[in-house]
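One letter stands for each residue in the lines below.
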Amino acid sequence: MLVGSSHLHWEPHCHQPLPEGVHVTTLLPPRLSGPWISTGCEVRPGPEFLTRSYTFYPNRLFRAYQFYYRDPSCHQPAHSLLIKGKVRLRRASWVTRGATEADYHLHKVGIVFHSRGALLAVAERLGRSPMRRDCARRLPVAGAWLPGAVYELLGARAGQDCATALGFAMHELSLVRVQRHLQPQPGAPPRLVEELYLGDIHTDPAERRHYRPTGYQRPLQSALHHARPCPVCSLVLHADEHHPPVLPPQPTPPLRVHGRWVSAHCEVRPAVLFLTRTLAFHAHSRSWEGYYQHFSDPACQHPTFTVRAAGHYTKGAPSTKVQGGTELVFEVTQAHVTPMNQATTAMLNSSKPGSCGEPGTWSTGTEQDITATNGCLPLGIRLPHVEYELFKMEQDPRGQTLLFIGQRPTDGSSPDSPEKRPTSFQPPLVLCDKMAQDIPRSLLAELLSGNSCEFPDTPAQDRRHCSTARAEWDPGGGSSWRGRSWEPKKVAMIEQAML
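This structure is a prediction, so every number in the text was calculated from the model and none was measured. (Residues numbered from 1 in each chain as written. Predicted model: local features only at pLDDT ≥ 70, side-chain atom pairs only at ≥ 80, totals over all residues. Heavy atoms only, no water.)

## Comments concerning unusual backbone geometry
Here the residue pair Leu28 and Pro29 is connected by a cis peptide bond, since its omega of 0° sits within 30 degrees of zero. Put simply, Arg228 and Pro229 share a cis peptide bond, and its omega is -5°. Looking at the element boundaries, Pro229 is found in the loop between β11 (220–222) and α5 (233–237). Located in the positive-phi region is Cys300, a residue other than glycine, with phi close to 55°. Looking at the secondary structure, you find Cys300 in the loop between β15 (287–295) and β16 (303–313). (Helix = DSSP H or I, 4+ residues; strand = E, 2+ residues; numbered from the N terminus.)

## Considerations on the state of the cysteines
Overall, the coordinates contain 5 disulfides when judged by the stated rule. Put simply, Cys230 and Cys233 are joined by a disulfide, and their sulfur atoms are 1.9 Å apart. Residues Cys230 and Cys233 share a disulfide whose torsion about the S-S bond is about 85°; that sign makes it right-handed. For the pair Cys230 and Cys233, one class covers both residues: buried. Paired through a disulfide, Cys266 and Cys300 show a sulfur-sulfur distance of 1.9 Å. Given an S-S torsion of about 70°, the disulfide between Cys266 and Cys300 has right-handed geometry. Of the two residues, Cys266 is situated in the loop between β12 (259–263) and β13 (267–269) and Cys300 in the loop between β15 and β16; the sequence distance between them amounts to 34 residues. (Disulfide = S-S within 2.5 Å. Buried < 20%, exposed > 50% of the residue type's maximum accessible area, 1.4 Å probe, protein only.)

## Details of the confidence of the model for the protein chain
Per-residue pLDDT for the protein chain averages 83, and the proportion of residues at 70 or more is 80%. Every residue in residues 1–13 is under pLDDT 50, and counting partners more than four places away or in other chains gives 32 contacts. With pLDDT under 50 throughout, residues 434–499 is counted as low confidence; its partners more than four residues away or in other chains account for 135 contacts. (pLDDT = per-residue confidence, 0-100. Contact = heavy atoms within 4.5 Å.)

## As for the side chain of Glu194
Within the fold, Glu194 resides in strand β10 (residues 188–198). Overall, the relative accessible area of 8% leaves Glu194 in the buried class. Within the structure, Glu194 has its side chain in polar contact with the side chain of Arg180 (distance 2.7 Å). (Polar contact = N/O pair within 3.5 Å; in protein donor to acceptor, adjacent residues only side chain to side chain.)

## Points about the pairing of strand β23 (residues 401–405)
If a strand is regular, its side chains alternate between the two faces of the sheet. For β23, the tally of buried residues reaches 5 of 5 residues, placing the bulk of the element in the interior. Burial of the side chains of β23 extends over both faces: Thr401, Leu403 and Ile405 are buried on one face and Leu402 and Phe404 on the other. Relative to β23, strand β22 (residues 385–395) runs antiparallel, the two being bridged by 5 bridges. If you follow Glu394 over to β23, its bridge partner there is Leu402. Following β22, the chain reverses through 5 residues before pairing antiparallel with β23; Gly399 in that reversal takes a positive phi of roughly 85°. (Pairing = 2+ DSSP bridges.)

## Describing the packing of aromatic side chains
Applying the stated criterion across every chain, the model contains 11 aromatic pairs. With a centroid separation of 6.0 Å and an interplanar angle of 40°, the aromatic rings of Phe56 and Phe62 are classed as tilted. Measuring from centroid to centroid gives 5.8 Å for Trp288 and Phe330, while their planes differ by 65°, and the two rings are edge-to-face. Residue Trp288 is located in strand β15, and its partner Phe330 is located in strand β18 (residues 326–339); the two are separated by 42 residues in the primary sequence. Exposure remark for Trp288: the relative accessible area of 5% places this residue in the buried category. Residue Phe330 is classed as buried on the basis of its relative accessible area, which comes to 8%. Counting every residue linked through ring pairs, the aromatic cluster contains Phe281, Trp288, Tyr313, Phe330 and Phe391. Directly above the ring of Phe404 sits Lys392, whose terminal nitrogen or CZ lies 4.9 Å from the centroid. (Phe/Tyr/Trp six-rings, centres within 6.5 Å; stacked < 30°, edge-to-face > 60°. Lys NZ or Arg CZ within 6 Å of the ring centre and 35° of its normal.)

## Structural notes on the pattern of salt bridges
Any two side chains of opposite charge can pair if their charged atoms end up close together. All chains considered together, the criterion is met by 16 salt bridges. Residues Arg44 and Glu172 are paired through a salt bridge, measuring 3.1 Å at the closest nitrogen-oxygen approach. Note that Arg44 is positioned in strand β3 (residues 42–44) and Glu172 in the loop between α4 (162–165) and β9 (175–185), a separation of 128 residues in sequence. The same class applies to Arg44 and to Glu172, which are both buried. Arg421 is the salt-bridge partner of Glu327, the closest N and O atoms lying 3.8 Å from each other. (Salt bridge = Lys/Arg side-chain N within 4 Å of Asp/Glu carboxyl O.)

## Quick look at the pairing of strand β14 (residues 273–282)
Counted residue by residue, β14 has 9 buried out of 10 residues, so it is predominantly covered. Summarising the sheet, β12 and β14 pair through 4 bridges and their orientation is antiparallel. Note on β14: the bridge partner recorded for Val262 is Thr278. With 3 bridges connecting them, β13 and β14 associate as antiparallel partners. Within β14, the residue paired with Glu267 across the bridge is Leu275. Pairing between β14 and β15: 9 bridges, direction antiparallel. The residue bridging Thr278 from the neighbouring strand is Tyr291, located in β15. Linking β14 to β15, which pair antiparallel, is a turn of 4 residues; within it Arg286 sits at a positive phi near 50°.

## As for helix α2 (residues 116–127)
For an α-helix, the turn length of 3.6 residues means that residues three or four places apart are oriented alike. With 12 residues, α2 should cover 16 Å at 1.5 Å per step; its first-to-last C-alpha distance of 16 Å lies within 8% of that length. Three or more residues of α2 are buried, namely Ala118, Leu119, Val122 and Leu126. Summarising the axial view, the buried residues of α2 lie within an arc of 100°, below the 170-degree limit, and thus occupy one face. Turning to α2, the residues buried within the fold contact β6 (77–92), β7 (100–113), α3 (133–138) and α4. (Expected span 1.5 Å × (residues − 1). Arc of directions from axis to C-beta.)

Quick look at the structure:
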């Protein structure tokens, strides 16, 4: 890409960030039954490092484990949460397209401490508020701590909801999406991979109790049909509150962002934003360019507008909050916008003069420079603009290099001050010359059939779980899906998208 020219020119193989030939199906209504697990160490705002293992049963009951750690490799367990309750799928989301809204009720939340230090840390959090001190007194003193003991935070014996006092919520269960795709295998048929997307976690911990998700967090994968290789899947699947998974320590590779990076899939952000990202970094000049494609649908098939932006970034410094992360400062100095549908074009043409390019001159598919108007107010773009960023690099089990960039604030604001610097990450970008290879189209019929237990790669020892995995859609009798009644055993809709 060329900086300083009137147009930003991408090399052809980087222009389309999503690998062609990879088909994704969304199951509507979603079928939750069975075990779902983390495929790596997850980072939540805070930061909080955790792994998750959720099991949903055909009678709508669920059991969830959340394992928390002191380190970003999830190698040093701190405490574990055992969560039991009931979840009921309700209807297609009116806010987040492709998602399903759900209700849930918690029956029990228990906590197990894996060290005295973890007990003291939780007790300190509870003791900061007079209203929470009763909960803190219900925990044992450090000298009386018993390894493996389950202390009830919510339940029949708890009396008081100490889970809420601790800032705990399971609102992630209120937004659900299940996806399937085929993973290429060298010299072998592709594998079926099932992913469970649950609602996003608010970046401000004080807002989590009241926040209702409109985006997603990192997906869980089916324990029966997960991506391979997955060194940690077995560890997470066989763990419980007394035996948390101890993931192998991961070395942190040095941050080398030079090159071109692309989204691995259609990304969903809070406030119903669907987009893909393509970023290029030039280490010698510390300059960067970005190409952001916005869409109206969760398959990223119907574009609304694109933004091409460019600027410079500072030399990175190790993060003082997020171990393994690097703090940088980015400056956005120029940008171009291309409206991609009639609605966006009409909005830009009716904008206030001087707020976004030249009003009345916008046309669909034609790019316009918005640098002279200091950005584009209707689209929330300000120029020049500074962001305080957090970066991290990893290598996945397949040897693919991943670039993690800081998670945007849930409230839609920008990290334009050091205090708002992210402590968690967006979905990773991948080097554009290491994208997935094509998948044979001839195998899609078996994927679309909905019977994953008959898929060729299902291990024989796992077929005993198929009765659980084949949960029927039962929304509680008399409910409808998008205004239509659905028969039992029928997958109501499969949205197919080519990514």
